[in-house]
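An overview of the molecular structure
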Amino acid sequence: MTIRGLLSATALVTLPVAAMAQDLPPCENCADSITVVSWGGAYQTSQIKAYAEPYAAMTGTTFTWDESSSEAVAKLRAMNEAGNITWDLVDVEGPDSQRLCDEGLAMEVDIDEILAAGDDGSTPREDFGDSAFNDCFIPQIVFSTTFGYRTNVEEWGGRTPDNLCALFDLENFPGKRSLERRPKKNIEWALLCDGVEKDDLYDVLSTPEGIERALAKLDTIKSEVIWWSAGAETPQRLADGEVVMGSTYNGRLFSVIVEQNQPVNMLWDWQVFDFDGWIIPEGLPEDRLNRVLHFLHFATDTQRLADQAKYISYGPARASSQPLVSTHADLGVEMAPHMPTNPENQKNYRVNNIEWWADNQDDVEARFQAWLAQ
């Protein structure tokens with residue numbers, strides 16, 4: 001699968017279409033610092049190594065990192081209400097970008113105007129394909145949420161999970177699970193393992209009975225679940241033996257399996273594809289906006305997105321970057337087989353339904369949190 005198959009404001013900075021690292025033009029009337037909001041952990045490190053450090057070396061820009069992306073919607077709502085936008089650039093998942101765009105909290109952009117063309121001659125919109133799915137989102141990576149499991153659980157009697165529904169099989173695979181403290185993905189997985197067909201998921205979830213059916217399935221393992229809020233929690237729990245299986249982002253699992261050499265394997269069955277990228281908060285002063293646009297032109301070009309894959313196993317959102325994905329920067333491991341877009345890892349998968357979650361997340365989140373408290 002290729003990214004192309006998977007998947008306006010006027011720029012205040014005008015850059016040559018194919019600007020590369022060695023000829024990045026100066027940024028005029030630009031702030032000398034930038035506050036970037038991301039997710040922490042291995043993912044944020046990959047951004048720092050691939051984008052921020054080389055950009056800072058060329059421009060002298062100072063970066064401040066905030067790890068609040070999981071709270072981006074609520075915090076940007078509060079900032080907007082207070083009339084004090086302290087963030088310059090925010091990394092968000094697809095559904096949150098849609099919500100922020102719909103609410104006027106994210107700036108509309110024309111990616112063909114503000115971003116570099118692909119190294120293969122494609123326009124940015126052609127290169128990013130379906131990952132450029134709304135007028136505010138600037139794509140960066142394709143990732144998946146999937147499962148890791150420990151390989152040395154004596155109580156399993158030599159059995160190995162080979163499909164998602166082992167999550168709900170406490171008889172053959174006893175032990176604690178680690179799941180995200182949010183409904184997204186959990187309720188879809190629950191329905192798949194309760195017999196709902198993939199193509200019917202969101203029809204079922206669009207009814208109150210469907211949400212209750214998903215929660216009833218999750219009830220069967222609720223006593224064995226430790227809930228996580230940060231993506232780094234599941235890998236640490238797996239490494240410590242606190243849980244026997246758990247969900248998190250595939251790049252986090254790559255880190256614990258390949259970089260840390262822990263007794264953990266990946267379960268790709270029904271991995272959930274999602275897009276992650278940037279939004280620019282609406283209402284930035286001109287000098288801060290100029291800096292953001294200058295940085296984004298550099299950070300989202302063909303080479304930079306391929307460079308990020310040297311540090312984490314997320315697929316670059318540009319199709320032109322795919323052939324440039326090579327080996328891990330430190331370990332020399334070929335990265336392509338560890339990508340969620342590798343055909344061997346896609347025998348069962350879903351693409352996150354961004355529009356459904358943008359429309360329903362607040363209501364479903366409230367019901368899910370009430371269920372957690374029961």
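Up top is the structure.
All right, on to the nonpolar core then. Among the nonpolar cores identified, the biggest contains 44 residues, and V90, L100, I138, I280, F295 and L296 are the most heavily contacted of them. Within the residue set of this core, elements represented by two or more residues are β1 (33-37), α2 (41-59), α3 (72-82), β3 (89-93), α4 (94-102), α5 (111-114), β8 (264-279) and α12 (286-299). Considering every element that reaches this core, the biggest residue donor is α12, with 7 residues. One finds V196, I221, M245 and L267 within the second-largest nonpolar core, a separate group that totals 38 residues.

This part takes up helix α14 (residues 354-373). Taking 1.5 Å per residue as the helical rise, α14 with its 20 residues ought to reach 28 Å, and the 27 Å between its terminal C-alpha atoms agrees with that figure. Of all the bends in α14, the largest measures some 65° and sits at N360. For α14, the complete set of buried residues consists of I354, W356, W357, A358, Q361, V364, E365, F368, W371 and L372.

This paragraph deals with a negative patch on the surface. A contiguous patch of negative charge, built from E197, D199, D200 and D203, is present on the exposed surface. Checked against the element boundaries, D203 lands in helix α8 (residues 201-205).

Summed over the entire model, instances satisfying the criterion amount to 20 aromatic pairs. Grouping aromatic residues by their ring pairs yields a cluster made of Y43, F143, W228, Y249 and Y314. Lying across the ring of Y349, K198 places its NZ or CZ 4.8 Å from the centre. Just above the ring of F168 sits the side chain of K217; from NZ or CZ to the centre is 5.3 Å.

Attention now goes to the environment of K347. Tracing the backbone through its elements, the reader meets K347 in the loop between β9 (315-316) and β10 (349-351). On the accessibility criterion, K347 (67% relative accessible area) is exposed. For the pair K347 and E154, spaced 193 residues apart in sequence, the C-alpha separation works out to 28 Å.

How each quantity is defined
Residues numbered from 1 in each chain as written. Predicted model: local features only at pLDDT ≥ 70, side-chain atom pairs only at ≥ 80, totals over all residues. Heavy atoms only, no water. Core = buried A, V, L, I, M, F, W, Y, C linked by side-chain atoms within 4.5 Å. Buried < 20%, exposed > 50% of the residue type's maximum accessible area, 1.4 Å probe, protein only. Helix = DSSP H or I, 4+ residues; strand = E, 2+ residues; numbered from the N terminus. Expected span 1.5 Å × (residues − 1). Bend = angle between axes of the 7 residues up to and from the residue. Patch = residues over 30% accessible without salt bridge, like charges linked within 9 Å, V, L, I, M, F, W, Y side chains within 5 Å. Areas by Shrake-Rupley, 256 points an atom, 1.4 Å probe, with all protein chains shown as cover. Salt bridge = Lys/Arg side-chain N within 4 Å of Asp/Glu carboxyl O. Lys, Arg positive; Asp, Glu negative; His and termini not counted. Charge placed at Lys NZ, Arg CZ, Asp CG, Glu CD. Phe/Tyr/Trp six-rings, centres within 6.5 Å; stacked < 30°, edge-to-face > 60°. Lys NZ or Arg CZ within 6 Å of the ring centre and 35° of its normal.

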